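Chains, contacts and geometry: an overview
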Amino acid sequence: MIRPSGTALGLLGASVTAFGLVVGFLVVPALRRADERALECGRLYARIGKIESARLERDEIRERVESAQASSRAVLRQIPDATDQAALMSMLAVETGSSVLSQTVTAGEPVPATPRSKESLKAVPVTVEITATFDQVMGLLARAENDRRLVRAIRVEMEKATRADNRRDIDWDSPFVRATIELDAIYGASGGSPAVASADAKGDEP
Amino acid sequence: MKHRTFHLLPEPIVARVRTQRASRRVVGISASIAVMTVGLVAFATWVEARSRGILAAAQSEGAPVIAIEEEIETYRQTELQLLAALERQRTVGNAIPAHGVIKAVAGSLPPGAVVKRLMIRYENVQGSNKRVRRNAKEAETPPRMLVCELEGIALDDAGVNAIVQGLERLESLSKVTLESSRSYLFRGKSAREYKVTFSADLERRWRLPVVADASFEGGNP
């Protein structure tokens, strides 16, 4: 039996190991990556081929979104993260004078904004008791409901003012009405941007 | 004639020569494998560089389309956010504002009719801090409703009818009911005191009210 030298066998072992390592860690991954890149290239060239339709789709969706943003600016209210009662009170306050006899604004404890348990928004109930002319009361109500912030009415009660000497007798000559307006100021919108707005604000009347 | 072979070299030297020859063969094979290994390294490097180059070229060529697709995706996200915000306002906000109802009611009153009391209530809109235990059937939230009561004085029965008809003509209102109509002496003249109730379904998809509507004009009910 002829046996090659140990050095020669060692060299053979080393070269076979190096071969295996190169194949396993260099050639096969390189070929796999080349395959993946070839696929990616194929997909890219397919997309490049559809650039005109992509442009058309982009223009269409841009127009749709811009139009939705424009119309939503007119209808979508902001829902602040905090109650911001100061701004709310100053929005509701009216000066007493010839058309406003008295006004009381009271804020209550926050409640869930909806009866649905999933809803995370909160509402600060605010009650406004006012004795003023009808126009003043309507102006106040419209100001609250038309505000950029989401404020909703919960209850509005309005009645003609009564005589000072007899509270059960309506004073028909008085220009004043006595109103109780219960409002909810919604807050707690951590989940979304208040700047975004409705997309189907146009023409979604039933 | 008989031939005889004589080994002139000693046995250990012959063995050494054979071993060296075998080793040379093995070294040769090793060298070949090493050359192949180097070749494979070069091949792998070339494949890597080439595929990377081709992909880079494709990406550079496809950059405009990639940008367009990214733009489309951004618009899609914006659109989804818009729809979500709209839906949230529909869930939380009042689609029919109270001042709009009052304005519409005031506009539908016939001449000579006056309002003593007006009450608007939005039902099932607000949540509660109280924990109420409900069974599965009750767990469904009842529909949101706008309920309104209107009390006042009209000149006569025709006036009361005109009020009811006027309210019935308002598209958003439903269930207009004349609760009562009775004679009433108003400033020495015979008149009719009336009470009308009506409601509106807030779950319908109404057009959302506009923010800061400056066009409001007041008017007596």
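Residues numbered from 1 in each chain as written. Chains lettered and ligands numbered in written order. Predicted model: local features only at pLDDT ≥ 70, side-chain atom pairs only at ≥ 80, totals over all residues.

**Some thoughts on the overall build of chain A**
A count of helices and strands for chain A gives four helices and five strands. Tracing chain A from N to C terminus, the helices and strands come up as α-α-α-β-β-β-α-β-β. Evaluated residue by residue, chain A yields a buried proportion of 28% over its 206 residues. Summarising the internal contacts of chain A: among those between residues at least 6 apart in sequence, 69% fall at separations of at least 24. (Helix = DSSP H or I, 4+ residues; strand = E, 2+ residues; numbered from the N terminus. Buried ≥ 20, exposed ≤ 12 C-beta atoms within 10 Å, placed from the backbone. Contact = placed C-beta atoms within 7 Å.)

**Here's the deal with the domain arrangement of chain B**
By the assigned domains, chain B splits into domain 1 (10-92) and domain 2 (98-126 + 141-201). Using C-alpha coordinates to define each centre, domain 1 of chain B is positioned 78 Å away from domain 2 of chain B. (Domains from an automatic or database assignment.)

**Considering helix 1 (residues 11-92) of chain B**
Helix length check: helix 1 of chain B (82 residues) gives 106 Å between terminal C-alpha atoms against 122 Å at 1.5 Å per residue, more than 12% under. Roughly 55° is the biggest bend found in helix 1 of chain B, and it falls at Gly-62 of chain B, with proline Pro-64 of chain B one to four residues downstream. (Expected span 1.5 Å × (residues − 1). Bend = angle between axes of the 7 residues up to and from the residue.)

**Some remarks on the domain arrangement of chain A**
If you check the domain split of chain A, you get domain 1 (6-75) and domain 2 (85-187). Here the C-alpha centre of domain 2 of chain A lies 62 Å away from the C-alpha centre of domain 1 of chain A.

**What to know about the interface of chain B and chain A**
At the junction of the two partners, chain B supplies 79 residues and chain A supplies 85 residues. Elements that contribute at least two residues to the side of chain B that touches chain A include exactly helix 1, helix 2 (98-108) and strand 1 (114-123) of chain B. Looking at which element gives the most residues to the side of chain B that touches chain A, the answer is helix 1 of chain B, with 45 residues. Partitioned by chemical class, the residues of the side of chain B that touches chain A number 42 nonpolar, 22 polar and 15 charged. Judged from the five bridges that link them, strand 4 (residues 151-160) of chain A and strand 1 of chain B form a sheet pairing that is antiparallel. Bridge pairing links Met-158 of chain A to Leu-118 of chain B in strand 1 of chain B. (Nonpolar A, V, L, I, M, F, W, Y, C, P; charged D, E, K, R; others polar. Pairing = 2+ DSSP bridges.)

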